[in-house]
Amino acid sequence: MNKMKTLAGDVFFHVGAITLALAAMIPFLWMVSTSFKSSGALVTIPIEWIPKQPTLESFVTVFQKDGMLQAMINSLLVSTGTVLVVLISSSMAAFAFAKIRFRGSGILFMMFLAALMIPSQVLFIPIYLIMSELGMSNSLLSLIVPKLFTVFAVFMLRQQMLSIPDAYMEAASMDGATLFRQFYQIILPMCKTTMITLLVVQFMETWNDYLMPLVMLNSKEKFTLPIVLNSMSGQYKYEFNLLMAGALVSMIPIILLYGVAQKYFAGGLQMGGVKG
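Note that the coordinates shown come from a computational prediction; the quantities given were computed from them, not determined experimentally. (Residues numbered from 1 in each chain as written. Predicted model: local features only at pLDDT ≥ 70, side-chain atom pairs only at ≥ 80, totals over all residues. Heavy atoms only, no water.)

Novice: Lay out the overall build of the chain with the relevant residues and their values.
Specialist: What the chain contains, in helices and strands, is 13 helices and 0 strands. Tracing the chain from N to C terminus, the helices and strands come up as α-α-α-α-α-α-α-α-α-α-α-α-α. The buried share of the chain, reckoned over its 276 residues, is 36%. Within the chain, contacts between residues at least 6 apart in sequence are counted, and of these 75% link residues at least 24 apart. When the accessible surface of the chain is summed, it comes to about 16600 Å², and 70% of that surface belongs to carbon and sulfur atoms. (Helix = DSSP H or I, 4+ residues; strand = E, 2+ residues; numbered from the N terminus. Buried < 20%, exposed > 50% of the residue type's maximum accessible area, 1.4 Å probe, protein only. Contact = heavy atoms within 4.5 Å. Areas by Shrake-Rupley, 256 points an atom, 1.4 Å probe, with all protein chains shown as cover.)

Novice: How would you summarise the pattern of salt bridges if you had to cite specific residues and measurements?
Specialist: Applying the stated criterion to the full structure yields 3 salt bridges. A salt bridge links K99 to D166, with the nearest nitrogen and oxygen atoms 2.8 Å apart. Residue K99 is located in helix α3 (residues 68–99), and its partner D166 is located in the loop between α7 (151–162) and α8 (167–174); the two are separated by 67 residues in the primary sequence. Taking relative accessible area as the criterion, K99 reaches 11% and is therefore assigned buried. Given a relative accessible area of 31%, D166 falls into the partly exposed group. Ionic pairing is found between R101 and D166, a salt bridge with its closest N-O pair at 3.3 Å. Here R101, found in the loop between α3 and α4 (105–114), pairs with D166, found in the loop between α7 and α8; they are 65 residues apart in sequence, far enough to count as distant. When its relative accessible area of 62% is taken as the criterion, R101 is described as exposed. (Salt bridge = Lys/Arg side-chain N within 4 Å of Asp/Glu carboxyl O.)

Novice: Help me get a handle on helix α9 (residues 179–190), residues and values and all.
Specialist: Along an α-helix, a turn takes 3.6 residues, which lines up residues three or four apart on a common side. Taking 1.5 Å of rise per residue, 12 residues should cover 16 Å, and α9 covers 16 Å from first to last C-alpha, within 8% of that figure. Residues of α9 that are buried include every one of Q182, F183, I186 and I187, and no others. The buried side chains of α9 occupy one side of the element, clustering within an arc of 130° when seen end-on. Looking at the packing, one finds that the buried side of α9 touches α3, α7 and α8. (Expected span 1.5 Å × (residues − 1). Arc of directions from axis to C-beta.)

Novice: Go over the packing of α4 against α7, please, and point to the residues and values.
Specialist: Where α4 contacts α7, the axes come no closer than 9 Å and their chain directions differ by 135°. The angle between α4 and α7 falls in the class oblique. Here α4 and α7 pass one another in a crossing that is left-handed. For the pair α4 and α7, the contacting residues are F109, F112 and L113 in the first and V151, V154, F155 and R158 in the second. (Axes fitted to C-alpha atoms, helices over the stretch in contact; angles between N-to-C directions. Parallel < 35°, antiparallel > 145°, perpendicular 65-115°, else oblique. Left-handed = near helix turned anticlockwise from the far one by under 90°.)

Novice: Provide a residue-level description of the nonpolar core, including the pertinent values.
Specialist: Counting 41 residues, the largest nonpolar core has M68, M161, I187, C191 and L225 as the members making the most contacts within it. Within the residue set of this core, elements represented by two or more residues are α2 (57–64), α3, α7, α8, α9, α10 (192–208), α12 (225–235) and α13 (240–272). Every residue in contact with I187, bar those within four places of it in the chain, is listed here: F95, K99, M161, I164, M169 and Q182. Counting residues in hydrophobic clusters, the runner-up holds 10 residues, among them I127, I144, M212 and M216. (Core = buried A, V, L, I, M, F, W, Y, C linked by side-chain atoms within 4.5 Å.)

Novice: Residues and numbers for a nonpolar patch on the surface, please.
Specialist: A cluster of nonpolar side chains, I18, L22, M25, I26, F28, L29, W30, I47, W49, I50, F240 and I255, forms an exposed patch at the surface whose accessible area comes to about 1200 Å². For the nonpolar patch, the secondary-structure elements that each account for two or more residues are α1 (2–35) and α13. No other element matches α1, which puts 7 residues into the nonpolar patch. Looking at the element boundaries, L29 is found in helix α1. Overall, L29 belongs to the partly exposed group, its relative accessible area being 41%. (Patch = residues over 30% accessible without salt bridge, like charges linked within 9 Å, V, L, I, M, F, W, Y side chains within 5 Å.)

Novice: Account for the side chain of T206, with residues named and values stated.
Specialist: If you trace the backbone, T206 turns up in helix α10. At 2.9 Å, the side chain of T206 and the backbone oxygen of Q202 are in polar contact. (Polar contact = N/O pair within 3.5 Å; in protein donor to acceptor, adjacent residues only side chain to side chain.)

Novice: Just give me the short version of α2, but keep the residues and values in it.
Specialist: Among all positions of α2, only S58, F59 and V62 are buried. Taken end-on, α2 shows its buried residues confined to a sector of 95°, consistent with a single buried face. The exposed set on the far side of α2, more than 90 degrees from its buried face, consists of E57 and Q64.

Novice: Any details on the packing of aromatic side chains? Residues and values, ideally.
Specialist: Using the criterion set out here, one finds 7 aromatic pairs in the structure. When the centroid spacing of 5.1 Å and the interplanar angle of 50° are considered together, the rings of F36 and F59 count as tilted. Here F36, found in the loop between α1 and α2, pairs with F59, found in helix α2; they are 23 residues apart in sequence, far enough to count as distant. Owing to a relative accessible area of 28%, F36 belongs among the partly exposed residues under this scheme. Directly above the ring of F109 sits R158, whose terminal nitrogen or CZ lies 4.0 Å from the centroid. (Phe/Tyr/Trp six-rings, centres within 6.5 Å; stacked < 30°, edge-to-face > 60°. Lys NZ or Arg CZ within 6 Å of the ring centre and 35° of its normal.)

Following this line, the structure appears as structure tokens:
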């Protein structure tokens, strides 16, 4: 009897999960279907979920739009640069907070963590003024440099490093390893899962960021992909096939990256949240 109840519960759970997953995928499937339709097929009743005459015309038009390719290159440069800056700076800061004993480290970390409560929009004007003073306004560097201080990444990595026994570092120290060597040869490899998780999260956040580039950039050749896609929503307001093609193109790098790193993703979020 208990086995039957367990089996029924498992079946109910999986059926419900599959139903919810399919419901969540409907907008995405509609977007993919619409991007391959011609302008005439958009108004066909009933809706053609599978286009009778699929075409790549929308994608060709999207890539022919002035500034699209440059915007994709800009977004790729900014996202890649941001990921590198965040992983390097945050891992070093997390190591200092987790493994180096110094007076006031706990209070300093709590003050650092309090920055998570500040809405990012509040910081736009101060960051813009600082970047202007440094001569970096209207440049891709103005989107990368502020990421030197990413509180969430420091918190995730610190929690992971706290779970690593100090015995590893003590043994390396007895063998003559310097503190920096202990950091990059012992601690970092043991934080690989969390590092890959942060890579995916940070790349996705930067790739999709619209507000910060809108504030920092004013030259068309410096625009990132979200800004160019937003301009398309006004120029091609009722040409949904073009809008969906542009949205699909913007999603491809994230889908590919997540597909490669998905086996680390859930584990990294779980391990990064463990308190040492």
